Amino acid sequence: MHLMKQLRYTIACLSGLSASFLSRFLKLGAGATWPGEIALRMYPQILATLSKRIRKGIIIIAGTNGKTTTSGMTSAILRHAGYSVLHNTSGANLLNGIISSFFVSWRLVDFAVFEVDENAFAKILPFIHPKAIVLLNLFRDQLDRYGEVDTIAAFWRSSLQSFDDKTTILANGDDPTIAVMTEKLRSRVVYFGLEDPKYYLPKMQHATDSIYCPKCGTRLTFGGVYFSHLGKWACGACGFTHPDVLIQSSDYTSPLEGVYNIYDTLAAASVGEVLRIDKGEIQQALDQFTPAFGRMESIAYQGKTIRILLSKNPTGFNESLRTILASSQKGPIMLLLNDRIPDGTDVSWIWDVDFEQLTECAYPIIISGDRVYDMAVRMAYIEKKKKQLPLQVVENLSSAIVAATEAAKENETIWILATYSAMLDVRKIITGKKIL
Amino acid sequence: MKYSITIGWLYPELMSTYGDRGNILVLQKRCEWRGITCTIVPIDFQSKEEDIAKMDMIFGGGAQDRQQGILIDDLRKRKGPVLKKLLERNIPGLFVCGSPQLLGSFYMTGDGKKLEGLGLFDMESRHFGNGKPRCIGNMLIRIPNTFEIPGLRFLDTVVGFENHGGRTYLGTGLTPFGTVLVGNGNNGEDTTEGARYKNWIATYSHGPLLAKNPHIADWLISKTLEVKYKKKIKLQELDDVLMWQAHDAMLKKLYVTKE
């Protein structure tokens, strides 16, 4: 490396390390992004050099839903196999967040597992040569911020084309958008998918994005749909069809409830398989897995159990509802809707969620968040008769939690479905701790 | 007498980008709660002209670029003529999201391509390229009291959310849906928002416009019944406390952020 470059790299790293140390020492918060931001300003190509510190390989996890859980599971599998692992903080999934993760400790590690934001994908990949790239799914999510699904898909495809056979791509074959973007790449592509008709939905949900053939525009036919547009799809016109899957749902048991968590499990397990980790070891690591905050996390609170499910877009919310309705744990439901930047400032998407599943709900439904009335109106419109549902509309979040705790009977579970910033807020109130 | 209405929903699988179906759910429930039978009929590639002609109201949501590409030819050639007849017969319609671009005479894309619209409204739209920022954010407009229904609560405001790259300019004879108080509306220059022609409303407000604007929902239902049964039919008042609270919360939020 050129001497000046070397010097700039060293100074950038020292600044990043000091910033990271200071933010933790002084408990400033935001340590997950700004050390990286400082280093990035001093040396824009820093990720390319930093990535050489990873001895065995970098794993990239991308997709609209399931990034954090899949990253967590993948790290757990690698650690269980005896490897040291570096990963970025959940939510800090832009370039600055990934760079920041290198400054938490300066130890050399075997693997890095990075969850990557949909829009940051094409900005991050040119700097690194990943061992594996996991592509989970693409759903509509915060159009005000991310734009259309097809735009993201086009960016992803052109990024993927720059890799050769040193990179393995692990792709969800049940998502037609993912299937088309992984066609004819130089990399090896391994598909995973569900093979379990008992999870088929009785009918298609409203929130679907890719039910027309990505190649010829004809309506796809589905042998079965697991959720949104994920399923056994085929195009009757041009013959584009579901790829053969190498890793399927009967191969592994998901440690978490919810159909979407089966996909995350398969994705993480497929990384393990590509790295030739023993199948039994992979399952063992999964069995011991504990979810990240807000992802089916269970918290004991004032003698009741609270379970928090981050629900940030129509598909995520639909699957959260399906999971709590199928669970043996019952109790009041809290719906928390915020409209801050990380949530998306546009809350229209709640009308794409099939809340009608709750029309017969006998448990109290407590609504709160910055946009409490938007959610209240949505719920009012699922009623067959006026005032049919036990709705409680509470503006103040702390009061809403009190209301939910009072409404829950002994042995009942309070289910909290919240958008991102609402999830952080509610968690702070319940645990008394701030995260991020 | 038992009333019933049929709403034709244009390409529900393709033109439903961000909560647009909220309008359908709102119309359907507000009819049901009043004992009015409300049937939703999807208008798709297979739909026949004579069936579309039977609709009492038409609704169109927004499409993403690829989806719009799939349907635009079918819409223009096979649905355009019958939609024009419905419009002329005073059949009410609601078109949200990118509809001002679709209903107008043409849409000029960022790279200078002229896309023909349905030509039902005297207006034209242009995209000035990515140099000009998209219009994204909450929107508040003032509407004329021609939307007032006697006996029902009326507010001269409509709250919504806009997200569009193109700008629309109305022809001299065309009335806007409302006047912009907060946001951009048609073009961010002349304070017009959307357009109204006969009983059709076109607006850049996307998603569930009717959810927080129950007065507009009832105006559409009331007009639909009036045209279908050829007489004024009194709509029963509903308990809209939550809906108006949601409307007021936006008024408060937008005025506060404006100051």
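Please read all numbers here as calculations on a predicted model, not as lab measurements.

All names here are of chain A. Close contact between helix α4 (residues 67-80) and helix α10 (residues 259-274) brings their axes to 8 Å; oriented N to C, the two are set at 35°. Note on packing geometry: the crossing formed by α4 with α10 is right-handed. In this structure, α4 contributes Thr69, Thr70, Met73, Thr74 and Ile77 to the contact, and α10 contributes Asn261, Asp264, Thr265, Ala267, Ala268, Ala269, Val271 and Gly272. Here the residues of the contact of α4 with α10 are counted per class, giving 6 nonpolar, 6 polar and 1 charged.

The subject of this paragraph is the sheet that holds strand β9 (residues 247-248) of chain A. All names here are of chain A. Pairing is parallel across the open sheet formed by 7 strands, whose spatial order is β2-β3-β1-β4-β5-β6-β9. Each of the sheet's edge strands pairs with one partner strand only, and the pair in question is β2 (85-87) and β9. As defined by bridge partners, strand β1 (residues 54-62) adjoins strand β4 (residues 132-135) across 4 bridges and the pair is classed as parallel. Following the sheet pairing, alanine 62 is matched in β4 by leucine 135. Contacting β1, β2 and β3 (109-116), α4 runs over the sheet at an angle of about 170° to β3.

Even without a glycine there, the phi angle at lysine 184 of chain A is positive, about 50°. Considering the arrangement of structural elements, one finds lysine 184 of chain A in the loop between α9 (176-181) and β6 (188-193). Among the residues examined, lysine 184 of chain A registers a relative accessible area of 75% and is labelled exposed. The phi dihedral of lysine 230 of chain B is positive, around 55°, even though this residue is not glycine.

The next subject is the confidence of the model for chain B. Residue and element names in this part refer to chain B. This prediction gives chain B a mean pLDDT of 93; 98% of its residues lie at or above 70. The least confident element of chain B, judged by mean pLDDT, is helix α4 (residues 99-103) at 82; the most confident is helix α5 (residues 214-229) at 98. For this predicted complex, the interface confidence score (ipTM) comes to 0.94, while the overall pTM stands at 0.87.

With 40 residues of chain B at the contact, the number on the chain A side is 41 residues. For the pair chain B and chain A, the summed buried surface comes to about 3500 Å²; carbon and sulfur atoms form 53% of the total. The interface formed by chain B and chain A includes 4 salt bridges. Among the ionic pairs, aspartate 374 of chain A bridges to lysine 212 of chain B, the shortest N-O distance being 2.5 Å. Among the elements that make up the side of chain B that touches chain A, the one with the highest residue count is helix α6 (residues 241-258) of chain B (7 residues). Along the lines of polarity and charge, the residues of the side of chain B that touches chain A split into 17 nonpolar, 11 polar and 12 charged.

All names here are of chain A. Split into domains, chain A comes out as domain 1 (46-287) and domain 2 (295-431). Distance from the C-alpha centre of domain 1 to the C-alpha centre of domain 2: 28 Å. In this assembly, 26 residues from domain 1 lie in contact with 25 residues from domain 2. Summed over both sides, the interface between domain 1 and domain 2 buries roughly 1900 Å², with carbon and sulfur atoms accounting for 43% of that surface. The interface formed by domain 1 and domain 2 includes 2 salt bridges. Arginine 307 is the partner of glutamate 257 in a salt bridge, and the nearest nitrogen-oxygen pair spans 3.0 Å. Elements supplying a minimum of two residues to the side of domain 1 that touches domain 2: α4, α7 (143-146), β7 (221-227) and α10. For the side of domain 1 that touches domain 2, the class distribution of residues is 8 nonpolar, 12 polar and 6 charged.

So, how was this worked out
- Just so you know, the residues in each chain are numbered from 1, in the order the chain's sequence is written.
- For naming, the first written chain is A and the first written ligand is 1, with later ones following in the order written.
- Local features are withheld for residues below a pLDDT of 70 in this predicted model, meaning they are given only at 70 or higher, and side-chain atom pairs are given and counted only at 80 or more; totals for whole chains, interfaces and linings count all residues.
- Values shown for side chains rest on all heavy atoms present in the structure; no hydrogens or waters enter the calculation.
- Only C-alpha atoms enter the line fits that serve as axes; for helices the fit covers just the stretch in contact. Angles between N-to-C directions range over 0 to 180 degrees.
- Here a strand is any run of E in DSSP of at least two residues, a helix any run of H or I of at least four, and the numbering for each starts at the N terminus.
- Crossing handedness follows the turn of the near helix against the far one: under a right angle anticlockwise gives a left-handed crossing, and clockwise gives a right-handed one.
- By definition, residues are in contact when any of their heavy atoms lie within 4.5 Å.
- Gly counts as polar in this scheme, as do all residues outside two lists: the nonpolar Ala, Val, Leu, Ile, Met, Phe, Trp, Tyr, Cys and Pro, and the charged Asp, Glu, Lys and Arg.
- By definition, two strands form a pair when at least two bridges between them are found by DSSP.
- Throughout this description, buried means an accessible area under 20% of the type-specific maximum (1.4 Å probe, protein chains only), exposed means over 50%, and partly exposed covers the range between.
- pLDDT expresses how confident the predictor is about each individual residue, on a scale running from 0 to 100.
- Two parts placed together each lose some accessible area; with a 1.4 Å probe, that loss summed over both constitutes the buried area.
- Any carboxyl oxygen of Asp or Glu that lies within 4 Å of a side-chain nitrogen of Lys or Arg is treated as forming a salt bridge with it.
- Those domain boundaries reflect an automatic or database domain assignment.

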